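Observations on the three-dimensional arrangement
For reference, the chains in residue letters:
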Amino acid sequence: THAPGVARLERDADLQLLLVGGELLKVRSSSWKKNRFYKLQEDCTTMWHESHRTFKRNQTFSIDEIESVRKGRQSEGLQKHTEAHVEDRCFSIIFKGRRRNLDLIATSAEEARQWVNGLEKIISNMKKLNSQQTSEHWIFNCMRKADKNKDNKMTLKELKHFLRQINIEVDDMYAEVLFAKCDKSNSGSLEGPEIKHFYDLLIYREEIDVIYGKYATTGEQMSVKDLLNFLLNEQREVATMEDAVSLIERYELDDSAKQKNHMTKDGFLMYLHQEEGSIFNPAHKEVFQDMSQPINHYFISSSHNTYLMEDQLKGHSSTEAYIKALMKSCRCVELDCWDGAHGEPIIYHGHTLTSKVLFKDVIKAIKEYAFKTSEYPVILSLENHCTLEQQKLMAKHMISILGSALLTSPLEDQMPTAFPSPQDLKGRFIIKGKRLNKLDAVFSNTSPGVEEDCVSEEDEAAETSNSKTDTNGQKKSKIKLAKQLSDLVIYCKSVHFSGFEHAKDKQAFYEMSSFKESKAVNLAETAGNAFIHHNMTKLSRIYPAGSRTDSSNYNPVSLWNAGCQIVALNFQTPSKEMDLNQGRFRSNGVSGYVLKPGFQRYPGTEFDPMTLTKGPWLKRKTFHIMVISAQQLPKLNKDKCKSIVDPLVKVEIDGVPADTCSKETRSIENNGFNPMWNETFQFDIQVPELALVRFLVEDYDSTSQNDLIGQYCLPLTSLQNGYRHVPLLTKHGDVIPSAGLFVHLMLLDAK
């Protein structure tokens with residue numbers, strides 16, 4: 001049996017090739033290229049391939065694990081280890097998380113095209129599966145795996161194995177009762193309709209029954225009026241009769257109910273699993289904010305040491321790291337540039353064992369992937385340690401590769417006095433770095449000026465150089481700067497920070513400072529209002545302390561509270577801080593730009609996140625949340641046959657210090673399949689516009705730290721009231737296909 005929705009693809013020629021399978025040349029290095037047989041399994045959700053490792057003769061990976069498929073020599077490995085003439089036979093499978101890319105060469109260009117098309121069709125089909133089908137598809141897969149002797153029947157022993165697979169510990173007595181209830185033929189095994197009956201008992205949701213029963217007043221079915229009543233009173237939506245009819249049209253599966261404008265329980269569950277029933281407001285999935293404000297009025301999703309796949313001492317530098325960050329809508333990436341061999345500048349973490357990657361290869365990757373998920377501008381933050389000759393080459397590469405997308409002069413015909421907007425800068429690259437002179441020089445008719453000169457190094461660059469310190473303990477480091485590179489710096493000229501007063505009196509709007517996390521956090525805590533005023537006219541970039549050699553992260557929330565725009569995090573490191581970053585930028589169409597609240601943009605504001613005096617930022621809310629249940633939580637240790645999770649749920653608020661708070665449910669023993677808590681929490685929120693809500697599901701362990709099962713974070717202002725499903729993501733931020741939380745939310749004005 002195929003996965004739902006695959007039936008219509010069955011006769012597709014590309015899919016047929018995958019189902020039959022074929023030999024592909026696997027490329028690991030210039031010397032390691034070996035033929036391996038690859039084949040799509042009958043379920044159309046799993047790829048099988050032969051392996052010549054001693055203990056792993058046959059290996060599989062799920063289509064769910066694939067992030068994307070790239071045609072041609074589009075991966076770092078293929079560019080490095082293959083010749084240009086095999087371009088049309090090459091393709092790469094890029095996996096989610098940290099799994100290594102799979103680089104392959106087909107026997108012909110046509111075969112490569114079929115593999116890529118076939119895989120893309122299957123991936124697209126799986127994405128289209130709605131949550132209800134995905135969970136059925138997941139349960140079906142587990143049932144298939146549990147049928148050890150492949151006779152399409154399930155014995156009691158196989159049934160117990162299946163229940164463990166889906167993460168539910170059932171004592172023998174309960175398993176026997178369930179089995180006996182379904183084994184109508186008394187044959188000692190379940191088959192056909194008996195398995196269907198067993199499955200129906202399994203997916204029964206008691207809490208949905210209760211909600212549905214409360215609102216279904218028409219002959220045990222929900223009429224369109226009942227549904228509207230539910231939308232208005234329970235979900236607190238501004239809904240009309242037309243909206244209710246539309247939901248029935250889209251999600252009711254029973255034609256006879258649909259004709260009567262009724263919604264059955266199955267249709268109701270289907271609706272709750274769609275985006276309309278999700279915690280995240282669907283209107284915020286698109287760009288909905290004003291994008292015509294100056295660019296410094298937005299929080300900008302930003303990455304630190306973007307080139308690293310792992311830690312800062314011996315990690316792997318890669319163009320793939322840039323692609324992953326850009327595909328997550330990161331809009332400010334860092335390029336740590338050093339002199340390379342053969343006259344070509346390279347990118348790596350200086351004075352460490354991290355591997356090196358060519359500057360021009362990084363620029364090519366950025367050009368290719370910068371605007372695939374967001375059309376708004378990308379800032380290239382240069383940390384320049386190169387000699388003059390290689391700086392000139394850097395400028396040449398950026399001009400030739402990025403072409404007209406590279407901003408090389410102000411958008412205005414005269415000297416600007418403020419930043420352009422993200423809207424004005426769509427599809428453009430902005431260079432951040434040192435500049436030899438003021439921007440006014442672009443508009444003056446005086447002589448061209450010096451070709452090169454010494455400038456002080458960027459604050460962060462100075463940390464990684466072997467520079468001396470002056471009497472004040474400041475790094476005293478100079479670097480010669482080439483005019484060709486200097487001229488590319490327009491709206492983001494790096495300058496040293498000498499205090500808010502100095503910046504106000506002496507700095508132009510386009511002159512920006514970078515702050516080490518400790519200094520920035522100290523300013524945010526001791527001079528929050530001054531920092532907010534500084535950020536109304538300037539850009540600020542914050543970076544992690546150099547001591548974080550493991551590429552760990554700092555909490556970005558206190559810096560956002562102070563209006564800092566470019567809060568750079570190590571995207572390569574899964575962490576609570578990256579969950580918060582993903583939550584902050586989930587809104588506004590995942591564009592990488594989120595408009596700051598008005599009280600962080602308007603001159604004269606008295607807002608200070610630490611003291612919270614009276615003002616328009618105080619919009620006190622009471623946030624009621626009931627954690628009802630979870631569904632199909634994944635097993636954490638798949639190798640251990642009996643490792644069932646003991647889940648608990650934490651709900652965290654991250655925002656101004658007065659709002660930051662965490663509460664948690666009790667743990668439920670041995671049930672990851674359908675645990676039910678029905679626990680209620682209340683949070684009092686002072687500044688809702690800066691608050692993020694984070695859900696964590698953990699496996700309770702009394703002897704050590706709890707393990708993360710899944711998480712989800714979103715802005716408080718983007719959630720929907722009422723009964724909602726919460727998707728769960730892995731620590732890398734990828735969706736766990738069938739898992740979820742079910743909650744009831746109410747965000748009300750405080751009395």
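Residues numbered from 1 in each chain as written. Predicted model: local features only at pLDDT ≥ 70, side-chain atom pairs only at ≥ 80, totals over all residues. Heavy atoms only, no water.

What about the UniProt feature "binding site: Ca(2+) 5" (unreviewed entry) in the protein chain?
- The residues that UniProt annotates with the feature "binding site: Ca(2+) 5" (unreviewed entry) are D699, Y700 and D701.
- Position of D699 among the secondary structure elements: in strand 31 (residues 692-699).
- On the basis of relative accessibility, which here comes to 15%, the residue D699 falls in the buried class.
- Aside from chain neighbours lying at most four places away, what touches D699 is L636, V645, D646, N706, D707 and I709.
- Locating D701 in the fold gives a position in the loop between strand 31 and strand 32 (707-715). (UniProt positions renumbered as here; feature names shortened; annotations may be inferred. Helix = DSSP H or I, 4+ residues; strand = E, 2+ residues; numbered from the N terminus. Buried < 20%, exposed > 50% of the residue type's maximum accessible area, 1.4 Å probe, protein only. Contact = heavy atoms within 4.5 Å.)

Notes on the pattern of salt bridges
- All chains considered together, the criterion is met by 30 salt bridges.
- Here K214 and E234 are joined by a salt bridge, their closest N and O atoms 3.5 Å apart. You can see K214 sitting in helix 8 (residues 206-215) and its partner E234 sitting in the loop between helix 9 (224-233) and helix 10 (241-251), a full 20 residues away along the chain.
- Linked through salt bridges whose partners overlap, the residues forming this network are D12, D14, E110, R113 and K121. (Salt bridge = Lys/Arg side-chain N within 4 Å of Asp/Glu carboxyl O.)

Considering the packing of helix 9 against helix 10
- Taken N-terminus to C-terminus, the directions of helix 9 and helix 10 make an angle of 110°; their axes are 9 Å apart at the nearest point. The orientation of helix 9 relative to helix 10 falls into the category roughly perpendicular. As helix 9 runs across helix 10, the sense of the crossing is right-handed. Counting all contacts with helix 9, which are made through V224, L227, L228 and L231, the residues of helix 10 involved are M241, A244, V245, L247 and I248.
- Residues belonging to the contact of helix 9 with helix 10 are distributed by class as follows: 9 nonpolar, no polar and no charged. (Axes fitted to C-alpha atoms, helices over the stretch in contact; angles between N-to-C directions. Parallel < 35°, antiparallel > 145°, perpendicular 65-115°, else oblique. Left-handed = near helix turned anticlockwise from the far one by under 90°. Nonpolar A, V, L, I, M, F, W, Y, C, P; charged D, E, K, R; others polar.)

Considerations on the side chain of Q720
- Along the chain, Q720 falls in the loop between strand 32 and strand 33 (722-729).
- Taking the relative accessible area as the measure of exposure, Q720 reaches 12% and is therefore buried.
- Leaving out residues up to four positions away in the same chain, Q720 has contacts with E237, E275, E276, S278, I279, F280, N281, P282 and L745.

Details of the packing of aromatic side chains
- Enumeration according to the criterion identifies 26 aromatic pairs in this entry.
- Ring geometry for F230 against Y723: centres 6.5 Å apart, planes inclined by 10°, an arrangement best described as stacked. With a gap of 493 residues between them, F230 in helix 9 and Y723 in strand 33 connect regions that are remote in the sequence.
- Each ring, one from F419 and one from F509, has its centre 5.0 Å from the other, and the planes form 90°; the classification is edge-to-face. Of this pair, F419 sits in the loop between helix 15 (388-402) and strand 17 (429-433) while F509 sits in the loop between helix 18 (500-506) and strand 23 (511-516), and the two are 90 residues apart along the sequence. As far as burial versus exposure is concerned, F419 and F509 are alike and both buried.
- Put simply, the rings of Y212, Y215, F230, F268, Y271, Y723 and F742 touch in pairs and so form one group of aromatic residues.
- A cation over a ring is seen here: K356 above Y348, with NZ or CZ 4.4 Å from the ring centre. (Phe/Tyr/Trp six-rings, centres within 6.5 Å; stacked < 30°, edge-to-face > 60°. Lys NZ or Arg CZ within 6 Å of the ring centre and 35° of its normal.)

Topic: the environment of D654
- Within the secondary structure, D654 is located in strand 28 (residues 647-654).
- For D654, a relative accessible area of 3% gives the class buried.
- When the C-alpha positions of D654 and V557 are compared, they lie 7.1 Å apart, and in sequence the two are 97 residues distant.
- Excluding residues within four positions of it along the chain, D654 makes contact with N555, V557, K576, L580, T660, L690, A691 and L692.
- A distance of 3.4 Å separates the side chain of D654 from the side chain of K576, its partner in a polar contact. (Polar contact = N/O pair within 3.5 Å; in protein donor to acceptor, adjacent residues only side chain to side chain.)

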